[in-house]
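This is what each chain is made of:
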Amino acid sequence: MTTSGMDRRSLLMAAGLLPITATSAFSATPQAPNMAQGQPLLGNPNLPVPDGEKTKWAIVGLGTFAVGQVMPGFVASDRSRMTAFVSGNPQKARDLGARYGVDKFYDYGSFDKIAGDADIDCVYIALPVGLHAEYTIRALKAGKHVLCEKPMASTPEECEAMITAAKAANRQLGVAYRVHFEPNNVDVAKRCQSGELGTLRYFTGDAGFSANPDWPPHKWRLQKGLGGGGSMYDIGIYALNAAMMCLGEDPVSVSAVYSYPKDDPRFAEVEGGVDWRMTFPSGISAQGSSSYCYAGGTRQKIFGADGAITMDPASDYYEQRIMMQKSGQGPVQLRSGNPIDQFGNQVDAFSMAAKANTPHLTPGEMGLRDIRVIQAMYRSADQGGAKVAV
Ligand code: NDP
């Protein structure tokens, strides 16, 4: 027995290190049947990891997405907790720290000191795209695992440097493609891959919003240095990545045209819209659009020989609407879990990958692949829509 009166087995069970099982206390003492009485814990409860064993994360860049979606995702997660904030605005960092019980703060100058901080295992990069490579590489050099927001970086060369830095540090590098952890999107991809729609024939996907040049989170998106690219980088990447997720192939060639008013002053540095087409090794093609000029929306449709699935919205934060229609039948609405879970699911999956030091489901290589595809689309659009190899 320990000083607290619990034996070692009970202590380990309380700490979640051993499965909780029925003890003799529940079975040994017979009770009258009509009395309130404790019962053994039955089944296989998927208990959250105790706080002390959760993977510890620093969030870098406390902007609209980090505050609005990533932080609530951590609160809802089972295996991950926030322990440090990295920000250029110390007051905002302290205010958010008070809300979430985070008491370690770094700024962009002191960032490299995270190397000596045992309270940080993983780093979540939620900065403008043009800063992803620098802060990812610095975090990896500091010995931390990194989950970097999409799009991975401005150029394929930056993505390659990030992957090389992860290998050199023997740490994991993931790209935060949240829909791979969103139950409805995962369900659709499984149905596509399982043959439920018959042979897959065609994918179409559109994603866009109207960019406001006066709103700070949109301002940097319109600058090449911080945005990396335009609408295709920021929002078009969802449908592009989803096409590969559903079809299970990577494209061999692409063609694209620019689709925004050339005299629109918002698009002096980055493209406002792209209409694109990808061709896959099996011969299937996918086509779609991205735009900073049309009202917000993400919509996808996957056509198979025996049925089709429509997703509209396809990759919202809080809601997806998924309809499946098989040949000769009426449309059926599909629901699979809660879309909000994607944020917690994603960080928990990365926490597990970091702990085991095994690749994340959406690794750096996937981020690099997508930037290469978008760059090929730009090359095609620069040539007026010619077919270009990826
Ligand atoms: P915001 O502009 O709202 O936030 C960016 C934050 O980065 C700022 O608040 C600031 O944080 C920090 N920052 C550091 N340097 C700069 C700079 N020079 N200019 C602007 N900000 C700077 O952007 P978002 O939150 O919308 O986007 C952040 C990242 O998240 C991007 O990579 C974006 O692509 C991604 N994203 C992903 C989404 C998804 O669904 N997966 C959705 C939206 C965005 P501080 O003040 O703390 O220093």
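Note that the coordinates shown come from a computational prediction; the quantities given were computed from them, not determined experimentally.

Enquirer: How do you make sense of the overall build of the protein chain when you look at a structure like this?
Expert: On a plain count of helices and strands, the protein chain comes out with twelve helices and 15 strands. Projecting the C-alpha coordinates of the protein chain onto the three principal axes gives extents of approximately 80 × 60 × 35 Å. Relative to all contacts within the protein chain whose residues are 6 or more apart in sequence, the contacts with residues 24 or more apart total 68%. Counting every atom, the protein chain has about 17900 Å² of accessible surface; 53% of that belongs to carbon and sulfur.

Enquirer: Hey, could you run me through the pairing of strand β10 (residues 285-291) in this one?
Expert: Strand residues, when the strand is regular, have side chains that alternate between the two faces of the sheet. With six of its seven residues buried, β10 lies for the most part within the structure. Note: strand β9 (residues 273-279) against β10, seven bridges, orientation antiparallel. Across the sheet, Val274 pairs through a bridge with Ser290, a residue of β10. Linking two consecutive strands that pair antiparallel, namely β9 and β10, is a turn of five residues; a positive phi of about 100 degrees is found at Gly283 within it.

Enquirer: Whenever I open this one, the site of the ligand confuses me. Can you help?
Expert: Near the ligand lie 25 residues; those nearest to it are Thr64, Ser87, Tyr108, Arg178 and Tyr238. The separation between an oxygen atom of the ligand and a polar main-chain atom of Lys150 is 2.8 Å. For the ligand, an oxygen atom lies 2.6 Å from a polar atom in the side chain of Tyr238. Coverage of the ligand by the protein chains reaches 83% of its 880 Å² of free accessible surface. Given that more than half its atoms are within 2 Å of the pocket grid, the ligand belongs to the largest pocket. Only α3 (64-76) and α10 (231-247) provide two or more residues apiece to the shell around the ligand. A per-class count over the shell around the ligand returns 13 nonpolar, six polar and six charged.

Enquirer: Can you help me understand the packing of helix α7 (residues 183-194) against α10 in this one?
Expert: Relative orientation and spacing of two packed helices are given, respectively, by the angle between their axes and the distance between those axes. Axis separation between α7 and α10 bottoms out at 7 Å; the angle between their running directions is 45 degrees. In terms of orientation, α7 lies oblique with respect to α10. Where α7 approaches α10, its residues Asn185, Val186, Val188, Ala189, Cys192 and Gln193 are matched on the opposing element by Met245, Cys246 and Leu247. A per-class count over the contact of α7 with α10 returns seven nonpolar, two polar and no charged.

Enquirer: Can you help me understand the sheet that holds strand β11 (residues 297-304) in this one?
Expert: One key point about sheets: their strands pair by backbone hydrogen bonds, in either a parallel or an antiparallel sense. Taken together, nine strands build an open sheet; the order of strands is β14-β13-β12-β11-β7-β10-β9-β8-β15 and the sheet is mixed. Since the sheet does not close on itself, it has two edges, and those belong to β14 (332-334) and β15 (388-389), each with one partner. The pairing of strand β7 (residues 200-208) with β11 spans eight bridges and is antiparallel. When the bridges of β11 are listed, Tyr202 appears paired with Phe303. Running at roughly 160 degrees to β7, α10 makes contact with β7, β9, β10 and β11 of the sheet. Sheet strands in contact with helix α12 (residues 364-382) are β8 (253-258), β9 and β15, and its direction is about 55 degrees off that of β8.

Enquirer: When you look at helix α6 (residues 156-169) in this model, what are you seeing that I'm missing?
Expert: Every α-helix carries 3.6 residues per turn, so stepping three or four residues along brings you back to the same face. For α6, spanning 14 residues, the distance from its first C-alpha to its last is 20 Å, which sits close to the expected 20 Å at 1.5 Å a residue. Those residues of α6 that sit buried are Pro156, Cys159, Met162, Ile163, Ala165 and Ala166. Taken together, the buried residues of α6 touch α5 (132-141), β5 (145-149), β6 (173-176) and α12.

Enquirer: Any chance you could explain the nonpolar core here in plain terms?
Expert: It is characteristic of soluble globular proteins that their nonpolar side chains tend to be buried jointly. Val123, Leu240, Trp276, Met278, Ile302, Ile309 and Met377 are the most contacted members of the largest nonpolar core, which has 79 residues in total. Sort the elements by how many residues they give to this core and α10 lands first, with twelve residues. Apart from the residues within four sequence positions on either side, Val123 is in contact with Trp57, Ala58, Val60, Phe111, Ile114, Ala139, Lys144, His145, Val146 and Leu147. Judged by nonpolar contacts, the second largest core, of 22 residues, contains Leu62, Val70, Phe343 and Phe350.

Enquirer: Any chance you could explain the pattern of salt bridges here in plain terms?
Expert: In a structure, side chains of opposite charge can pair up when their charged atoms sit close to one another. Per the counting criterion, the structure on display carries 17 salt bridges. Among the ionic pairs, Asp234 bridges to Lys150, the shortest N-O distance being 3.5 Å. Taken as a pair, Asp234 in helix α10 and Lys150 in the loop between β5 and α6 lie far apart in primary sequence, 84 residues in all. Summarising the burial analysis for this pair, Asp234 and Lys150 share the class buried. In this structure, the salt-bridge partner of Asp234 is Arg221, at a minimum N-O distance of 3.0 Å. Remark: Arg221 occurs in the loop between α8 (216-219) and α9 (224-227) and Asp234 occurs in helix α10; sequence separation between them is 13 residues. Classification of Asp234 as buried rests on a relative accessible area of 7%. Through salt bridges with shared partners, one network takes in Lys56, Lys104, Asp117 and Asp119.

Rules used throughout
- Residues numbered from 1 in each chain as written.
- Predicted model: local features only at pLDDT ≥ 70, side-chain atom pairs only at ≥ 80, totals over all residues.
- Heavy atoms only, no water.
- Helix = DSSP H or I, 4+ residues; strand = E, 2+ residues; numbered from the N terminus.
- Contact = heavy atoms within 4.5 Å.
- Areas by Shrake-Rupley, 256 points an atom, 1.4 Å probe, with all protein chains shown as cover.
- Buried < 20%, exposed > 50% of the residue type's maximum accessible area, 1.4 Å probe, protein only.
- Pairing = 2+ DSSP bridges.
- Near = heavy atom within 4 Å.
- Polar contact = N/O pair within 3.5 Å; in protein donor to acceptor, adjacent residues only side chain to side chain.
- 1 Å grid on protein atoms, 1.4 Å probe; cavity = no way out; pocket = protein on both sides within 12 Å on 5 of 7 lines; lining within 4 Å.
- Sits in = over half its atoms within 2 Å of the grid points.
- Nonpolar A, V, L, I, M, F, W, Y, C, P; charged D, E, K, R; others polar.
- Axes fitted to C-alpha atoms, helices over the stretch in contact; angles between N-to-C directions.
- Parallel < 35°, antiparallel > 145°, perpendicular 65-115°, else oblique.
- Expected span 1.5 Å × (residues − 1).
- Core = buried A, V, L, I, M, F, W, Y, C linked by side-chain atoms within 4.5 Å.
- Salt bridge = Lys/Arg side-chain N within 4 Å of Asp/Glu carboxyl O.

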